[in-house]
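Structural overview for review
Residue-level listing of the chains:
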Amino acid sequence: MIKQLRNLSHLQSLNLSGHKLETSSVSCLVESLRHSGALLHHLDLSGNSLDGSSEAFERLLKYLEHCVDMKYLKLLHVDNMREAHCLMLREILLKMKCLSTLALEWCSSAFIYEVNVLERVNPEIEMLNLSLNDISSTACGLNHLTRALPSFQTLKTLDLSHNDFSEADDSQIIALFDSLSHLSHLTTLDMSENHTGKAMCHLRRALPSLTNLQKLDLSWNRLNEADPSEFKLLIDSLSHAKQLTHLNLSHNELDNTAGHHLAHVLIGLNNLTKLDISWNNMEHEVLEEICSSVRGVFIV
């Protein structure tokens, strides 16, 4: 099938996600695209376990150097990306002036942050996915992200899930959420499965500025382990998110006290249509109180 691409000179969009492409297939893909002369605007290679250290991946990057009109790029699950390849990616992104969607999910290389890849991304990008990257495993990861985020003034969707911020310093987390406060156009924020209630409570620093936020996912973050006063401040800050339609607080083992306070704040969120509070430790009476505070909302 990939070889048939050789005849599609006008091809602009290509989705090969979930095909588990091997190195030889990537080489064949690049050869076919080069032979056709097609310059893609949309490329999705997610779910393929690409070998970031291979010559085939380098050939793919060299092809992407010519796709200056790329608008949508997903390179998910790229293993062992070498520093040289990260430097190539940095310069490629600098050329993609029209890029609006970028997913670098599960790209296991600290070099992505050490060579400041994100600082080359089009500042008018609208969707950025950096989940499953273990960003906080090195100081440079969080620092680089913190520096880069304020430049994305048109960003609407940000996915930082599955990064485990539990080992990060408080000062780094505070700086990260302070940088988030610059993203006033953000409508979707996914911070799920970062496994630290203490760190997530600092999100309260950004929420007052995120006045266009519609979807917020804080599931699987051990919010029950946060200091009760800090958690209260986080929930209080939700009152600023007047446009919120979807809120996910599932799998946090929240107790009755947390539930009572949540119910009080939810009364003011008139645009809420879906609330997920599954897998918590609230009793029936508290759940009824929450249901009463958000009548008409679909509750999981």
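Whatever comes next refers back to the structure up there.
Okay, the overall build of the protein chain next. Counting secondary structure elements, the protein chain contains 10 helices and 14 strands. In terms of overall dimensions, the protein chain is globule-like: its C-alpha atoms have a radius of gyration of 21 Å, near the 19 Å expected for 300 residues. Overall size of the protein chain, expressed as C-alpha extent along the three principal axes, is 65 × 40 × 30 Å. Counting across all 300 residues of the protein chain, residues that qualify as buried make up 51%. The long-range share in the protein chain, meaning contacts at least 24 apart out of those at least 6 apart in sequence, stands at 85%.

Our focus in this paragraph is the environment of glutamine 172. Within the element layout of this structure, glutamine 172 appears in helix α6 (residues 170-180). Distance in space between the C-alpha atoms of glutamine 172 and histidine 246 is 28 Å, their sequence separation being 74 residues.

All right, on to unusual backbone geometry then. Excluding glycine, most residues fall at negative phi; most peptide bonds, likewise, are trans. One non-glycine residue, histidine 162, lies in the positive phi region at around 55°. Locating histidine 162 in the fold gives a position in the loop between β9 (157-159) and α6. Its identity as a non-glycine residue notwithstanding, tryptophan 220 has a phi of 55°, on the positive side. A residue is classified by how much of its surface remains accessible, and tryptophan 220, at 39% relative accessible area, is partly exposed.

This brings us to the sheet that holds strand β4 (residues 72-74). One open sheet holds the 11 strands; their spatial order is β1-β2-β4-β6-β8-β9-β10-β11-β12-β13-β14, and the pairing between them is parallel. A single partner strand is all that each edge strand has here, and the edge strands are β1 (13-15) and β14 (298-299). Across three bridges, β4 lies against strand β6 (residues 101-103) in parallel orientation. Note on β6: the bridge partner recorded for lysine 74 is alanine 103.

Summed over all chains, the structure comprises 10 salt bridges. A salt bridge links arginine 90 to glutamate 91; its shortest N-O distance comes to 3.0 Å. Note that glutamate 230 and arginine 204 form a salt bridge whose closest N and O atoms lie 2.8 Å from each other. A residue pair is termed long-range when its members are at least 10 positions apart, and glutamate 230 in helix α8 (residues 228-237) and arginine 204 in the loop between α7 (197-200) and β11 (215-217) qualify at 26 residues. Among the residues examined, arginine 204 registers a relative accessible area of 22% and is labelled partly exposed. Among the charged side chains, a network of salt bridges with common partners joins Glu58, Lys62 and Arg82.

One finds Leu64, Leu73, Leu158, Leu189, Leu203, Leu216 and Ile290 to be the most contacted residues of the largest nonpolar core, which totals 101 residues. With six residues, the single largest contributor to this core is helix α2 (residues 55-64). The residues touching leucine 73, leaving out its near neighbours within four places in the chain, are Leu43, Leu64, Leu93, Met96, Leu99, Thr101, Leu102 and Ala103.

Among the residues of α8, Phe231, Leu234, Ile235 and Ser237 are the ones counted as buried. The buried residues of α8 occupy an angular sector of 160° when the element is viewed end-on, so they sit on one face.

Turning next to the packing of α2 against helix α3 (residues 83-95). One way to put it is that α2 packs onto α3 with a least axis distance of 10 Å and a crossing angle of 15°. By the angle between their directions, the pair α2 and α3 is classed as roughly parallel. Read as a crossing pair, α2 and α3 show a hand that is left-handed. Counted together, Phe57, Glu58, Leu61, Lys62 and Leu64 of α2 and His85, Met88, Leu89 and Ile92 of α3 form the full contact between these two elements.

How each quantity is defined
Each residue is numbered by its place in its chain's sequence as written, counting from 1. Only residues with pLDDT of at least 70 get local features here, since the model is predicted, and only at 80 or more are side-chain atom pairs given and counted; chain-wide, interface and lining totals rely on the full set of residues. Heavy atoms throughout the structure, all of them, feed into the side-chain values; hydrogens and water do not. Secondary structure elements follow DSSP: runs of H or I no shorter than four residues count as helices, runs of E no shorter than two count as strands, and numbering proceeds from the N terminus. To get the radius of gyration, use the C-alpha atoms; to get the globule rule, take the number of residues to the power 0.38 and multiply by 2.2 Å. Exposure classes here rest on a 1.4 Å probe applied to the protein chains alone. A residue is buried below 20% of its type maximum, exposed above 50%, and partly exposed in between. Pairs of residues are marked as contacts when any of their non-hydrogen atoms sit within 4.5 Å. In this analysis, strands are considered paired if DSSP registers two or more bridges between them. Salt bridges are counted wherever a side-chain nitrogen of Lys or Arg sits within 4 Å of a carboxyl oxygen of Asp or Glu. For our purposes a nonpolar core is just a set of buried Ala, Val, Leu, Ile, Met, Phe, Trp, Tyr and Cys residues, chained together by side-chain atoms within 4.5 Å. Each C-beta atom gives one direction from the helix axis, and the arc is the one those directions make. Interaxial angles span 0 to 180 degrees and are taken between N-to-C directions of axes, which are lines fitted to C-alpha atoms, for helices over the stretch in contact. Each angle receives one of four descriptions, namely roughly parallel if under 35 degrees, roughly antiparallel if over 145, roughly perpendicular if within 65 to 115, and oblique otherwise. The hand of a helix crossing depends on one turn: near helix anticlockwise from the far one by less than a right angle means left-handed, and clockwise means right-handed.

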